[in-house]
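Survey of secondary and tertiary structure
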Amino acid sequence: MKKIIIFISITVAIIAGYIFIPELLMKSKSFTGDKEYKKLPKVLFLTTGNEEGNGKISPGVSIALQSFNRRGAFVWLDSRDALMQPELLAKYSIMVLPTSLGYHDGDKKYSLTYLSDFEMQNIVNWVSNGGILIAEENLGRNTLDDADRVGINNELNPETWKLSQLFGIKMKELDMVGFSIEEKDANIWNGTIKEKSVEDEWILVP
């Protein structure tokens, strides 16, 4: 089951890379008179590590990094400590915050699933100032004291999760028994990504 979830997370990251990266770079074009030039974005990836050397990068993140680099964009890897520094975040126009299961989900010192309200508010402020955020569904799900923000009614909402209004959704934990995941875009993937679940598999869905 864990392997299936990891596979889905990596697949989603790869698809997001193919969809969003070229579009984001195109949006960075600026115009001056009759001359056109590209203003390449500065991209921040947050990883599990810090100065202790405990970082690692998932396959999906590696592919996204390579895609940005091939297009000449400036990319910087940093630890989650960056979320405590609004002045640092302000230097970047795109931020990627992966929370794949098995990537850095286990240790709250590094995991982006464990965020304080202050860190999440800094993300909200950064986006409101024009930043483009790419993130997964478990971002900030847990508090720093190990409480699960899903809480009452198995839901992440504006009362408990500051990112709810940012994403424009509430997240509810549901059992995926009987559900499959399919992609119909022939330019990326055409077919079933994940067959119907036959066992209990609780995940967050909008």
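Residue placement: Asn 157 occurs in the loop between strand E7 (155-156) and helix H5 (163-167). A polar contact is formed between the side chain of Asn 157 and the side chain of Glu 155, at a distance of 3.2 Å. Those residues in contact with Asn 157 that sit more than four places away from it in its chain are Ser 164 and Lys 170.

A separate point is unusual backbone geometry. Phi is positive for Asp 146, which is not a glycine, with a value near 75°. Following the sequence through the fold, Asp 146 ends up in the loop between strand E6 (132-135) and E7.

Under the counting rule described, the total for this entry stands at six salt bridges. Arg 141 is the salt-bridge partner of Asp 148, the closest N and O atoms lying 2.9 Å from each other. Residue Arg 141 is classed as buried on the basis of its relative accessible area of 13%. Salt bridges sharing common partners tie together Arg 141, Asp 148 and Glu 173.

This part covers helix H2 (residues 59-70). Note that an α-helix has 3.6 residues per turn; residues three or four places apart therefore point the same way. The end-to-end C-alpha distance of H2, which contains twelve residues, comes to 17 Å, matching closely the 16 Å that a straight helix rising 1.5 Å per residue would cover. Looking at H2, one finds that the buried residues are Gly 60, Val 61, Ala 64, Leu 65, Ser 67 and Phe 68. Seen from one end, H2 has its buried residues packed into an arc of 160°, which puts them on one side.

If you look at the biggest cluster of nonpolar residues, it comprises 22 residues, and the most contacted ones within it are Leu 83, Met 95, Leu 97 and Ile 123. Among the elements of the structure, strand E3 (42-46), helix H3 (86-89), strand E5 (94-97) and helix H4 (117-128) are those that each provide at least two residues to this core. When residues of this core are assigned to their parent elements, the largest contribution, three residues, is made by H4. Discounting chain neighbours no more than four positions away, the residues touching Ile 123 are Leu 83, Met 95, Leu 97, Leu 115, Leu 133, Leu 139, Leu 163 and Leu 166.

The rules behind these values
Residues numbered from 1 in each chain as written. Predicted model: local features only at pLDDT ≥ 70, side-chain atom pairs only at ≥ 80, totals over all residues. Heavy atoms only, no water. Helix = DSSP H or I, 4+ residues; strand = E, 2+ residues; numbered from the N terminus. Polar contact = N/O pair within 3.5 Å; in protein donor to acceptor, adjacent residues only side chain to side chain. Contact = heavy atoms within 4.5 Å. Salt bridge = Lys/Arg side-chain N within 4 Å of Asp/Glu carboxyl O. Buried < 20%, exposed > 50% of the residue type's maximum accessible area, 1.4 Å probe, protein only. Expected span 1.5 Å × (residues − 1). Arc of directions from axis to C-beta. Core = buried A, V, L, I, M, F, W, Y, C linked by side-chain atoms within 4.5 Å.

What is shown is where atoms sit, not what they do.
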